[in-house]
Every structure is written in structure tokens, then in C-alpha cells.
Amino acid sequence: MAVNLAIEVKGLRKTFVSGWLRKRKKDALRDVNLSVPQGVFWGLLGPNGAGKTTLLSILSNLLIPEEGEVRVLGKDLRKNAMEICNRINVSSGHANFLWSLNVRENLEYYAMLYGLPGKKRQQRVDDLLDLFDLREFARVRFDELSTGTKQKLSLAKSLVNDPALLLLDEPTVGLDPDVARRIREAIQRLHRDKGTTILMTTHNMKEAESLCEQIAFIKDGRIKALGKPQDLKRELRLGDTIFISFSGSLSSRSLQELQGIYGLQTSDSSCRILVDDHHQRLPQILDFFIGEKIFIHDLRIQESDLEDVFIAFTR
Amino acid sequence: MKMSLLRLQDEMTKTRAFVFKNWIMTKRNVFTLFEILFWPLVAFLSVGLLTEFAALQPEMKAFILIGVIAMSAVQVCQLDVSYALLYDVWSKAVKHGFAAPVGIRHLLFGSLIVGIIRGGTVFVILMVASYLLFGFDFTLPGALPMGLFVLGLFLSAAMVGVFVCILVLVFGNRAEVAAWSLVSLMLLLCGVYYPVSVLPAWVRVLAEIIPLTYFLEYFRQFYGFQPIFSHVLVKGYVMVIAYLVIEVFLMKAALLRAKRTGLLLKLSE
């Protein structure tokens, strides 16, 4: 059965040219291909200047690429820009809105831009104020809000049209951990309850790991890897590390012959074993130690996380 | 039928968004109040008092007061059209506006409505002040000529405002200076304080391609000044409407260019 794609990007290229007399070119995206199924939470990760925001900006019709095909929600972006803009929305970190409008007015303004009529608009704005705990700030001007509240407003604004596709550009950047956690919860709830397709960029790997079902790594304008966080770890052979302190004589060669062992470092009384997946390999390692009559004093597991994957891809 | 009604409602809501934005920004910012009351009154009073000091004939006084009142109304009205984009530029919120499914027509009509309210307010205040302070009756030509004149002024203002938006979309926020300087240039060229006949021939060519020249000529004829050009009202309207249509296409092109070059995103940084 064909999968309905929320985003389909083929051969996308974007080059920025600067300077009047001596023109300088910078390739922001080079032959990017990406297919995001509907209803999935995708993470777009990569170092600064990798092309994440450029890709999001193209998808939200704020940038026009030189080459490539972009289909959003099944439609060609070039031919159906207005229709697509009606069904998607975007929120970015370091949000900026009209400084003199208060929270409610900003939401009303954007709801009007998306064509929401009178009562429906009021209801939508009220719902969003409640959803993001913005009720108490409803009459506070944007330039008087804290960074966290501005960010909540940005997210609330991105939902005024109940989008089928939501593009989030570093939604928790610059926020304190508590506010960031609440923003993450709100995003997760939205995805879970409404099934909204989300494409999010972030530099927070824990955030990506906890929210995203699929990850795309982008570097130098190219998608370097795609997949679930676990698959990416496997692909990179990052694995997990098991630290064991023991007493007895350990045969390194025998231990290394076990299945799924990527590497082994031993000393007189401890070893560091790199395995593909500690859930699968720990029982056989313990069996090995018991079989060899080696007494284990201490055992510690360190799972590789998305940060390791990020570092591996960006080096 | 239902579809077209829904479409009309959609168009009106999106247009209203720009009315809403400009109106609230106007209400909440002191500088916009200065634009309506302070600067127009200062210009009007200083020019009006000069006409008194120079002991000008009533028709000469009318010539100059028509110019200064028209100019003030055009300036304030065009600022609102420019502000439709400039408020977003100053707020660094341009990308949010253009990520929404709105067209240039919504921006133009919505901001023009507020511009007409603000420019109209300036016009009425100065009209009353000119009667009370200098004994000049602006209503002498009658309702229809005055209506046609004022409409011409507001369309001219829209033309200038859209031109400012185009410049900002092409050159970035450094072009915002055009919002205040373009009208001053028109002041020089369109015969606001003097007839265009006093201009050097090559400058007059420039005056001839600006619709405001014709609208001023049209209204002044009711105060005894024979127009230098023929069919001034028709020429003024044909020109201003043609310019507006061209500008809408140019603004679309400028917007596409800004999306290609990345300027639209830079305006949000």
C-alpha cells in the first residue's frame, strides 16, 4: 500500500549569493532527497549552517530553491503554494511578533491571516490560550513577555490553522529546562492527540531522542543519514558500553568471539566491552563470566545516545 | 454560491487582518499620533502663517493651502500602506506574515483602509483649521469634486506606499527611508507650493508622470487656476490605476525575488 507522504523532496538545491561586485556563493542545500510520511514526528538534526532552517524555509514557502521538486501534503509547492500554506504552519525559536500587539491580538491577527472567521476565530484563540497556559498573559504586549512565554505564543500561533504539517525550528532554544520541558510536552501531546505530522530541527539531542520517531541528519547541505535513532546507532556501530569490575582470569580472546561484540579493552580487574545492543548481549556476557568462574564486583552500562550519533556524523 | 460566499468571507477576513494590525499599532504607538496631529499641523500652520505674512491674494493662499493639506493627507495615508510591511520588518516578524496564505491584495486593501481613516482625519482637521484660522473654504468646489480629489489623493498615497514596500523587498530595510522621502520628492515635483510651469522643462517631464500633479491641478481649477494640462482628472485616474496595477505585479516579482535571494528571511533576523 502506498504511504501518504506529508513531505516529498527530490533533488533539492539552494544556493545563496551575496555581494554586489564580487559575488560569493554558498551552497545551502545540495541534492536533498527526503520523504516524510504523514503522521510521523521527524527530527532534522545537523550542525550550525548544515541547511536545516533553509530546508524548513523552503517547505514553508519562504524560500525558493534553484532546483528540485517539493511536494507538501501531496501537492506541488510551486503550483499550490497558497493551498499548502493554508494547511501547514511554522514556529521558530527566538520568536518575534508585532511588539505592540498583546498575546490575544497576535493570535487573532494570525488567525485572520489564515482566514478564520469571527466566532470560530475567537474560539480557536481561546482554546490556544488555554492549551499553552497563556490566559494570564492574554493582555500583555509581546515586547513585555518573557522568552518562554514568547516561545509558547510562537507555538500557539503555529496552531491557529490546525495544521496538518507543523514545521518547528529549534522550538526550545534559549529556554530554561522547566519551560523547555513544558513546551516539549505540549508538542508531544499535539502529535499524539491530533496525529499532526511534525518536522522539527533541534540541537538538543535528548529532545530529539525523546520526541522524534525518525531522524534525518543533514550536513553541508546533504542528508547524511535517515532512520530511527536505534537504527542509526547500529549503522554507525556506536553500540552500548558495558563496564565490568571482576576478580579472576579473563580470556579476552574468548570474550571477543561472542556475537555482537564491537570492541574490548581489559585491565587486571576491569574491562570495557562495546556491544551492539546491551539488552541482547548482556545475558550472554554474564553467562560467559559465570562459565569462566569469574566473580563480578560491579557492572555498569552506558548506552550510546543520539549525541554520539550526532558527533559521529558531524565529524 | 455557498463556495463564493465562503471565498468572499475568507478574502474579507484576510484583508481585515491588515486593518487590525495597522489599527492597533496606530493606537499603541505615540509616533503614529504625531504623524496625524503634530507634523501635519506644524507644516500647515507654518505655511499658512507664511501666506499671511506675505499678504498673499486669497486665490494664491488657496493654491498653497490646497497643496499643503493634500500633501499631508497623502503622506499619512501612504505611511500606512508602507507600514503594512514595515511593522513586520521592525518586529522581525516578516516570515510569519508571508508564511500565511495571504496575497498582496489583502495587504494593500487592508492597510489602505487604515490609511484612508488616518489620512482622512488629517484632511478633515486641516480643512477645518484652514477655515477657522485662514478663512479658506475647502468645500467651495462641492462634494463631488472634493470626493474625486480626495480619492485621487488616497490612490496616489497607495501608489507611493506600495512602491516603498517594493523597495524594501528588493533592497531590505535600508530602503525604509523611502517611506518618508518619496513624498518629499513629490512635494518638489508635483507643484504643491507652486505651479509645475515654473519647473525647468526636463523636471516638468517628471511632474507629468506623477498622478498627484493632475489631481492638484484638477482641484485648483475651482479656485480660478487654469490647468496647464488637459483632461487632468482622467489623466490622473488612468495613471494612478495603471501604476497601481503595475506595482502589484512588481511587488509580486519583488516578493519572489526576496524568496529566491533569502532577503525575506533576512528581514526576520
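Residues numbered from 1 in each chain as written. Chains lettered and ligands numbered in written order. Predicted model: local features only at pLDDT ≥ 70, side-chain atom pairs only at ≥ 80, totals over all residues.

**So, the overall build of chain B**
- Within chain B, the secondary structure is distributed over 11 helices and 0 strands.
- Listed by position from the N terminus, the elements making up chain B come as α-α-α-α-α-α-α-α-α-α-α.
- In terms of C-alpha radius of gyration, chain B reaches 19 Å, essentially the compact-globule figure of 18 Å for 269 residues.
- Along the longest, intermediate and shortest principal axes, the C-alpha atoms of chain B span 55 × 45 × 40 Å.
- Taking the contacts inside chain B whose residues are at least 6 apart along the sequence as the reference set, 79% of them involve residues at least 24 apart. (Helix = DSSP H or I, 4+ residues; strand = E, 2+ residues; numbered from the N terminus. Rg over C-alpha atoms; globule rule 2.2 N^0.38 Å. Contact = placed C-beta atoms within 7 Å.)

**Observations concerning the overall build of chain A**
- The helix and strand tally for chain A stands at 11 helices and 14 strands.
- Dimensions of chain A along its principal axes, counting C-alpha atoms only, are 75 × 50 × 50 Å.
- Of all 315 residues assigned to chain A, the portion counted as buried reaches 43%.
- By sequence separation, contacts in chain A at least 24 residues apart represent 69% of the contacts at least 6 residues apart. (Buried ≥ 20, exposed ≤ 12 C-beta atoms within 10 Å, placed from the backbone.)

**Points about the packing of helix α5 (residues 104-134) of chain B against helix α6 (residues 143-171) of chain B**
Residues and elements named next belong to chain B.
- The N-to-C vectors of α5 and α6 enclose an angle of 130 degrees; their axes lie 10 Å apart at closest approach. Considering the angle they form, α5 stands oblique to α6. For the pair α5 and α6, the sense of crossing is right-handed. Contacts from Leu108, Leu112, Gly115, Ile116, Gly119 and Phe123 of α5 reach α6 at Val150, Phe154, Ala157, Ala158, Gly161 and Val162. (Axes fitted to C-alpha atoms, helices over the stretch in contact; angles between N-to-C directions. Parallel < 35°, antiparallel > 145°, perpendicular 65-115°, else oblique. Left-handed = near helix turned anticlockwise from the far one by under 90°.)

**Remarks on the sheet that holds strand β9 (residues 214-219) of chain A**
Residues and elements named next belong to chain A.
- With respect to topology, 6 strands assemble into an open sheet ordered β6-β7-β8-β3-β9-β10, the strand pairing being mixed. Among the strands making up the open sheet, the edge pair consists of β6 (88-92) and β10 (222-227). Neighbour-to-neighbour, the strand axes of the sheet open up by a mean angle of 15 degrees, direction not taken into account.
- Taken together, the 4 bridges between strand β3 (residues 41-45) and strand β8 (residues 197-201) define a ladder with parallel strand orientation. Bridged to Leu44 within β8 is Thr201. (Pairing = 2+ DSSP bridges.)

**Description of the interface of chain A and chain B**
- Each partner contributes to the interface: chain A provides 28 residues, whereas chain B provides 31 residues.
- For the side of chain A that touches chain B, the secondary structure elements donating two or more residues are α2 (81-87) and α3 (103-113) of chain A.
- Element by element, the count of residues in the side of chain A that touches chain B is highest for α3 of chain A, at 6 residues.
- Tallied by class, residues from the side of chain A that touches chain B come to 18 nonpolar, 7 polar and 3 charged. (Nonpolar A, V, L, I, M, F, W, Y, C, P; charged D, E, K, R; others polar.)

**Structural notes on the domain arrangement of chain A**
Residue and element names in this part refer to chain A.
- Domain annotation for chain A reports domain 1 (39-58 + 77-227) and domain 2 (237-314).
- Using C-alpha coordinates to define each centre, domain 1 is positioned 41 Å away from domain 2.
- The partner domain 2 presents 6 residues to the 9 residues of domain 1 that form the contact.
- Among the secondary structure elements, those contributing two or more residues to the side of domain 1 that touches domain 2 are α7 (205-211), β9 and β10.
- Looking at which element gives the most residues to the side of domain 1 that touches domain 2, the answer is α7, with 3 residues.
- Taken together, the residues of the side of domain 1 that touches domain 2 break down into 6 nonpolar, no polar and 3 charged. (Domains from an automatic or database assignment.)

**Remarks on the sheet that holds strand β13 (residues 270-275) of chain A**
All names here are of chain A.
- Strand order across the open sheet formed by 4 strands is β12-β13-β11-β14, with antiparallel pairing between neighbours. At either end of the open sheet lies a strand with only one pairing partner, and these are β12 (261-266) and β14 (295-302). Each strand of the sheet is rotated relative to its neighbour by a mean of 20 degrees, with strand direction disregarded.
- As paired strands, strand β11 (residues 240-247) and β14 are joined by 7 bridges and run antiparallel to one another. Bridge pairing in β14 places Thr241 opposite Gln302.

**Remarks on helix α11 (residues 306-314) of chain A**
Residue and element names in this part refer to chain A.
- Listed in full, the buried residues belonging to α11 are Leu306, Val309 and Phe310. Along the long axis of α11, the arc covered by the buried residues comes to 100 degrees, so they all point the same way.
- In the core, the buried residues of α11 are packed alongside β3, α7 and α8 (229-235). (Arc of directions from axis to C-beta.)

**A word on the packing of helix α1 (residues 2-28) of chain B against α5 of chain B**
All names here are of chain B.
- The contact between α1 and α5 brings their axes to 7 Å, and the two run at 40 degrees. As far as their axial angle goes, α5 and α1 are oblique. Pair α1 / α5 crosses with right-handed handedness. On α5, the residues that touch Lys14, Thr15, Arg16, Ala17, Phe18, Val19, Asn22, Trp23 and Thr26 of α1 are His106, Leu107, Phe109, Gly110, Ser111, Ile113, Val114 and Arg118.
- Of the residues contributing to the contact of α1 with α5, the split by class is 8 nonpolar, 6 polar and 3 charged.

**Comments concerning the environment of Asp178 of chain A**
- Note on placement: Asp178 of chain A falls in helix α6 (residues 177-194).
- For the pair Asp178 of chain A and Gly148 of chain A, spaced 30 residues apart in the sequence, the C-alpha separation amounts to 9.6 Å.

**Describing the pairing of β11 of chain A**
- As paired elements, β11 of chain A and β13 of chain A share 6 bridges and run antiparallel to each other. Bridged to Ser245 of chain A within β13 of chain A is Ser270 of chain A.

**Some remarks on the pairing of β3 of chain A**
All names here are of chain A.
- Taken across its 5 residues, β3 has 5 buried, putting it largely inside the fold.
- Covered by surrounding structure in β3 are Phe41, Gly43 and Leu45 together with Trp42 and Leu44, the residues of both alternating faces.
- Inspection of the sheet shows β3 paired to β9 by 4 bridges, in the parallel sense. Counted as the bridge partner of Trp42 is Gln214 from β9.

**Re unusual backbone geometry**
All names here are of chain A.
- Positive phi, close to 55 degrees, is recorded for Asp31, a residue that is not glycine.
- As for its placement among the helices and strands, Asp31 is situated in strand β2 (residues 24-37).
- Here Asp31 falls in the partly exposed class, since 14 other C-beta atoms lie within 10 Å of it.
- For Asp133, which is not glycine, the phi torsion reads 55 degrees and is therefore positive.
- For Asp133, the location among the structural elements is in the loop between α4 (118-131) and α5 (147-157).
- Residue Asp133 is classed as partly exposed on the basis of its 13 C-beta neighbours within 10 Å.

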